Amino acid sequence: MRLCYQVATPDVKVDESVTAYQGPLEKSLRELSKLGYQGVEFMTLNPSELNWNEVKELLEKYHLKAVLVCTGEIFGQLKLSYTHKEEAIRKEAIRRTKEIMDFASYLGADINIGRIRGQYCKELTREETETYAVEAFKEISRYGEEKKVRIALETVTIMQTNFINTLAEGLDMVKRVDMKNFQLMLDVFHLNLEEKNLYEAIRTYSPHNIHVHLADNNRRYPGHCGLDFDKIIGTFKECGYEGNFSTEIFQIPSQEKAAKGAIEHLKPILKKYYA
């Protein structure tokens, strides 16, 4: 188990909406390591623009492990998705995902699928949207098998997409794809909004979970607002989860204060359950 922080690589446009530590990569890794984080979850857009060997060397220098690479900004900044009405856009979304998977494989990390899956729209039937999604998920899963990369499907609140909002919908998609390396990830911010009972959702779907995102119920750093992280992390431990926890939070009031606030709140709780 590692406590990780999301880090944007330099190819990602700096923006207030980005839920990751931003700036020169070495500075980000140095500062997070100094705070006590044990790993990172990279947010990247064009990994071909990065020096992969340098990234690996920096991780080793600051004793950090890259556990996951996000695909979110492929949709967030480029508006590409697997279920777009235009075939060329669907193919480009898959191509870019494979490029990110190459990077993840080099680092020994997994990837997640969030907003890049797209959404239901008036130009396509629900059946067409789901068919495109299943086809894309199977294609990247087969590619992931070759690269030894797992894919974590993230259920996302209706406020961001109208497609695969609940864990029941997510598990249905996992079963339709039917690939061992295509599983769920549990983001407590989204679960708190979409599931009837956060803790029962964790218990029910933990057998299919390979990664966890942590954020308070206002999407700020854990401990900032109302979620009970002692009970949340205790429930994951009760279910036998031994994987990684990563923050995905707004960098408010600043990334330095958000990173410090998160680890100060989470470290004693993780020590209690994962000592």
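First, a word on scope: everything that follows refers to the structure included in this document. Computed from a prediction, not measured in an experiment: that's the story for all the values here. (Residues numbered from 1 in each chain as written. Predicted model: local features only at pLDDT ≥ 70, side-chain atom pairs only at ≥ 80, totals over all residues. Heavy atoms only, no water.)

### Overview of the packing of aromatic side chains
The cut-off we apply is this: Each pair of aromatic rings taken from Phe, Tyr and Trp, with Trp reduced to its six-membered ring, is defined by centres within 6.5 Å and is described as stacked if the planes are under 30 degrees apart, edge-to-face if over 60, and tilted in the remaining cases. Secondary structure elements follow DSSP: runs of H or I no shorter than four residues count as helices, runs of E no shorter than two count as strands, and numbering proceeds from the N terminus. For every residue, the accessible area (1.4 Å probe, protein chains only) is compared with the maximum for its type, and the residue is labelled buried under 20%, exposed over 50%, or partly exposed between those bounds. For a Lys NZ or an Arg CZ to count as sitting over a ring, it must be within 6 Å of the ring centre and within 35 degrees of the ring normal.
Taken as a whole, this structure holds 12 aromatic pairs when the rule is applied. Between Tyr5 and Tyr37, the ring centres sit 5.2 Å apart and the planes meet at 70 degrees, which makes this aromatic pair edge-to-face. Placement of Tyr5 in strand β1 (residues 3-8) and of Tyr37 in the loop between α1 (25-35) and β2 (39-43) is noted, with a sequence separation of 32 residues between them. Under the relative-accessibility criterion, Tyr5 is labelled buried at 0%. Ring centres of Trp52 and Tyr106 lie 5.6 Å apart, and the angle between their planes is 50 degrees; on these two criteria the pair is classed as tilted. With Trp52 in helix α2 (residues 52-61) and Tyr106 in helix α4 (residues 87-107), the pair connects residues that are 54 residues apart, well separated along the chain. Exposure remark for Trp52: the relative accessible area of 23% places this residue in the partly exposed category. When its relative accessible area of 30% is taken as the criterion, Tyr106 is described as partly exposed. Site record: aromatic cluster; members linked through ring pairs are Phe42, Trp52, Phe103 and Tyr106. It is Lys79 that lies over the ring of Phe75; its NZ or CZ is 5.2 Å from the centre. Against the face of Tyr199 rests Lys231, its NZ or CZ located 4.3 Å from the ring centre.

### Regarding the packing of α1 against helix α10 (residues 255-274)
So the rule is basically this: Only the stretch in contact is used when a helix axis is fitted, and all axes are lines through C-alpha atoms; the angle between N-to-C directions ranges over 0 to 180 degrees. The cut-offs work like this: below 35 degrees is roughly parallel, past 145 is roughly antiparallel, 65 to 115 is roughly perpendicular, and the gaps in between are oblique. Two helices that cross are described as forming a left-handed crossing if the nearer one is turned anticlockwise from the farther one by less than a right angle, and a right-handed crossing if clockwise. In this description, contact between two residues means that some pair of their heavy atoms is separated by no more than 4.5 Å. Here the term charged refers only to Asp, Glu, Lys and Arg, the term nonpolar to Ala, Val, Leu, Ile, Met, Phe, Trp, Tyr, Cys and Pro, and the term polar to all other amino acids, Gly among them.
The interhelical angle for the contact between α1 and α10, taken along N-to-C directions, is 30 degrees, at an axis separation of 10 Å. With respect to their mutual orientation, α1 and α10 come out roughly parallel. Considering only the axes of α1 and α10, their crossing is right-handed. Of α10, the residues touching α1 (which contributes Lys27, Glu31, Leu32 and Leu35) are Glu256, Ala259, Lys260 and Ile263. Residues belonging to the contact of α1 with α10 are distributed by class as follows: 4 nonpolar, no polar and 4 charged.

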